[in-house]
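Close look at the chain arrangement
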Amino acid sequence: MTVQDLAEAIGVNPKTVERWITQDKPPYRRHQYAAAAKLGMDVTSLWDDSRAVESSADLSKAEIVTVYPHRHLVPAGLWREIYGRADKHVDVLVYAGLWLSEDPQFHRLLKEKVEKNAQVRILLGDPTCAAVRQRGVDEGHGIMDGKIRNALMNYRPLFASHPEIGFRLHDATLYNSLFRADDEMLVNTHVYGIGAYMAPVLHLRRLPGGGLFDTYANSIEQTWGGARQVTADDITGA
């Protein structure tokens, strides 16, 4: 990797990276972790971390890989890439996530992951709950329950062929849609008055000592624990 490549990847000036190398100047703590993650190395093998000031705020900032101003600007292949890298955890926490349910490549990926013993969990909104109705109003269309039932219908072939894939319905008020793949996550924020496809997305990568990733990961666990199983009536709307 060139100096220019690394500088662009972690958002610093190339001359700054050169000073780390030629003058043995340690980076800020957040840049240490960002560089180590990009290079696929342990941070302590690159720098004597006793020379840098550590703060939880810096570590949490370093967990932010990038921010996209709108979901539709996220590279089309990134969703599949991060899930493709997952070995242990594949989680989706949304209201409908209709666009994912319509992607046959995503279906194949779910099958592959669960067949390799990864934990796969899909959390959709309960189409009968108040939070779903309100989110539809907030987005300006009022049809969120129908979108969820469409997503359930799209996932229906997986219910029978791969029952080990976890599907549950939640009644939580979501402030973000969360897409977790092991230690990576895409956080699609919810903004009043616009659809999620227009809202910002954070690409996070968990780092030791950082707390941002785990905050969102804990939200998935809590929502899963309070969610219920999908029934046939949920799909048909009966």
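See the structure shown above.
Here's a quick rundown of the structure. (Residues numbered from 1 in each chain as written. Predicted model: local features only at pLDDT ≥ 70, side-chain atom pairs only at ≥ 80, totals over all residues. Heavy atoms only, no water.)

Turning our eyes to something else, we now look at the sheet that holds strand β8 (residues 228–229). Within the open sheet, the eight strands sit side by side as β1-β7-β6-β5-β2-β3-β4-β8. Their pairing is mixed. Of all strands in the sheet, those bounded by a partner on one side alone are β1 (64–68) and β8. Taken strand by strand, helix α11 (residues 212–225) contacts β1, β2 (89–93), β3 (119–125), β4 (166–170), β5 (176–181), β6 (184–189) and β7 (201–205), and its axis lies near 100° from that of β5. (Pairing = 2+ DSSP bridges. Helix = DSSP H or I, 4+ residues; strand = E, 2+ residues; numbered from the N terminus. Contact = heavy atoms within 4.5 Å. Axes fitted to C-alpha atoms, helices over the stretch in contact; angles between N-to-C directions.)

In terms of burial, β3 is largely enclosed, as six of its seven residues are buried. Bridge count between β2 and β3: five bridges; the pairing is parallel. Note on β3: the bridge partner recorded for V90 is V120. Looking at chain direction, β3 and β4 are connected through five bridges and run parallel. (Buried < 20%, exposed > 50% of the residue type's maximum accessible area, 1.4 Å probe, protein only.)

The complete set of buried residues in helix α9 (residues 130–139) reads A131, V132, R135, G136, D138 and E139. End-on view of α9: buried residues confined to an arc of 160°, all on one side of the axis. Looking at the buried residues of α9, the elements they touch are β3 and α10 (144–161). Looking one or two residues past α9, G140 carries a phi angle of roughly 90°, positive in sign. (Arc of directions from axis to C-beta.)

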